[in-house]
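Each chain, written out:
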Protein chains: 2
Amino acid sequence: MTADLDTLVAARLEACGHRFSSARRELVDVLRRAGQPVRITDVLEGRPHLAQSSVYRNLAVLETAGVVRRIVTDDDYAHYELDEALTEHHHHLICSGCGTVTDTTLPSDVERRLDDALHEIAADAGFVIDHHRLDLIGRCRVCAAG
Amino acid sequence: MTADLDTLVAARLEACGHRFSSARRELVDVLRRAGQPVRITDVLEGRPHLAQSSVYRNLAVLETAGVVRRIVTDDDYAHYELDEALTEHHHHLICSGCGTVTDTTLPSDVERRLDDALHEIAADAGFVIDHHRLDLIGRCRVCAAG
DNA sequence: ATGAGTGCAAAGGCTTTGCATTAGG
DNA sequence: CCTAATGCAAAGCCTTTGCACTCAT
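Report on the accompanying structure. (Residues numbered from 1 in each chain as written. Chains lettered and ligands numbered in written order. Predicted model: local features only at pLDDT ≥ 70, side-chain atom pairs only at ≥ 80, totals over all residues. Heavy atoms only, no water.)

### Section: the packing of helix α2 (residues 22-34) of chain B against helix α4 (residues 52-64) of chain B
Residue and element names in this part refer to chain B.
And then number 1: The N-to-C vectors of α2 and α4 enclose an angle of 75 degrees; their axes lie 10 Å apart at closest approach. Classified by the angle their axes make, α2 and α4 are roughly perpendicular. Seen from α2, the contacting residues are Ala23, Arg24, Leu27, Val28 and Leu31; seen from α4, they are Val55, Asn58, Leu59, Val61 and Leu62.
And then number 2: Tallied by class, the residues present in the contact of α2 with α4 amount to 8 nonpolar, 1 polar and 1 charged. (Axes fitted to C-alpha atoms, helices over the stretch in contact; angles between N-to-C directions. Helix = DSSP H or I, 4+ residues; strand = E, 2+ residues; numbered from the N terminus. Parallel < 35°, antiparallel > 145°, perpendicular 65-115°, else oblique. Contact = heavy atoms within 4.5 Å. Nonpolar A, V, L, I, M, F, W, Y, C, P; charged D, E, K, R; others polar.)

### Focus: the pattern of salt bridges
And then number 1: Tallied over the entire structure, the rule returns 16 salt bridges over all chains.
And then number 2: For the salt bridge of A:Asp29 with A:Arg33, the shortest nitrogen-to-oxygen distance reads 3.1 Å. Of this pair, A:Asp29 and A:Arg33 are both found in helix α2 (residues 22-34), 4 residues apart, which corresponds to roughly one turn of the helix.
And then number 3: With a shortest N-O distance of 2.5 Å, B:Asp29 and B:Arg32 are connected by a salt bridge. Within this pair, B:Asp29 and its partner B:Arg32 are both found in helix α2, separated by 3 residues, close to a single helical turn.
And then number 4: In this structure, a network of salt bridges that share partners links the residues A:Asp29, A:Arg32 and A:Arg33. (Salt bridge = Lys/Arg side-chain N within 4 Å of Asp/Glu carboxyl O.)

### Concerning the protein's contact with DNA strand D
And then number 1: Around DNA strand D lies a shell of 19 residues, among which A:Arg19, A:Ser21, A:Arg24, B:Tyr56 and B:Tyr77 are the nearest.
And then number 2: Counting only the atoms of DNA strand D that lie within 4 Å of the protein, the sugar and phosphate share comes to 65%.
And then number 3: Residue A:Ser54 places a side-chain N or O atom 3.4 Å away from a phosphate oxygen belonging to DNA strand D.
And then number 4: The contact in question runs from a phosphate oxygen of DNA strand D to an N or O atom on the side chain of B:Tyr56, over 2.6 Å. (Near = heavy atom within 4 Å. Polar contact = N/O pair within 3.5 Å; in protein donor to acceptor, adjacent residues only side chain to side chain.)

### Points about the protein's contact with DNA strand C
And then number 1: Close to DNA strand C lie 20 residues, the nearest being A:Tyr56, A:Tyr77, B:Arg19, B:Arg24 and B:Arg57.
And then number 2: Backbone sugar and phosphate groups make up 64% of those atoms of DNA strand C lying within 4 Å of the protein.
And then number 3: In this structure, B:Ser54 approaches DNA strand C through a side-chain N or O atom, which is 3.4 Å from a phosphate oxygen.
And then number 4: Residue assignment for the surface near DNA strand C shows that the elements contributing at least two residues are α4 (52-64) of chain A together with α2 and α4 of chain B.
And then number 5: Across the surface near DNA strand C, the residue classes break down as 5 nonpolar, 8 polar and 7 charged.

### Some points on the sheet that holds strand β2 (residues 68-71) of chain B
All names here are of chain B.
And then number 1: Within the open sheet, the 3 strands sit side by side as β1-β3-β2. Their pairing is antiparallel. Single-partner strands in this sheet number two, and they are β1 (38-39) and β2.
And then number 2: Looking at chain direction, β1 and strand β3 (residues 79-82) are connected through 2 bridges and run antiparallel. Residue pairing across strands places Val38 opposite Tyr80, the latter belonging to β3.
And then number 3: Against the sheet, α2 touches β1, β2 and β3, its axis set at about 85 degrees to β3. (Pairing = 2+ DSSP bridges.)

Structural measurements only, silent on function.
See below:
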């Protein structure tokens, strides 16, 4: 699956009339290698050939194409990661000290139970679920020690 | 409990060396009556006697005092609500159409199970949990119909 | 009187947008 | 060729900050 990541991404982009340019290829690559949510400033740092506006625009395109997902935290910066459809469903450990976001997963039985409950709640409210997000806010190992 | 809300808020404010001014009293009142997360622009609208900067500052003070909580969504605006310690633990239905945030709760057994699983995960990662947030992103009844 | 609170205006800072140029199909 | 993509700079916009004034203790 990770092997054909490029093929999959290309398909999703084409599906909405966009090209898989080298800049976008590099972005996807950065996110894949990071393995965890990344801020745009981090992407730009050490990559002077990437124009800031293009990175913002490309991530927006990739988001509408369903390739990446934007994560909002209390941090001043937005974080981006590969869409769950290309990886797997997971959750986040958000450190309020350094702003770092780390991926984590829930035991599948808990997740399943949770999902059932959420669907019931949504149905009652006439709410159409796109997805859910479950984040832990606290202090990472490093910041907790400091 | 809601009757002594003011007393409780006043205590929390004093505890960190702040006063329960009339402006802050009004803010708490607005949030209490709203019963759901509110944006600052909404608070300002129709209340010309409130200065924008004071609202921002007071909500920040109230947040550090543990009276209100700031909620971040994809919406351009931050949302504020009374802290769970003054209400009850709950979750959010976030509409990606109109940006409205609505409160909801989970069956207590599901919540308990979830909490256990989260604590285990956090422990494994050396992560110290402050709190968790579970939100449903999708379309509210109105936006789903449109 | 002394420090917190307030209000107005200006500055900050992440993000978006305009526009001319380049590249891919 | 024709449209998407890119890059630079400038603008947007929510939020924060500076500073002088007011208020409560």
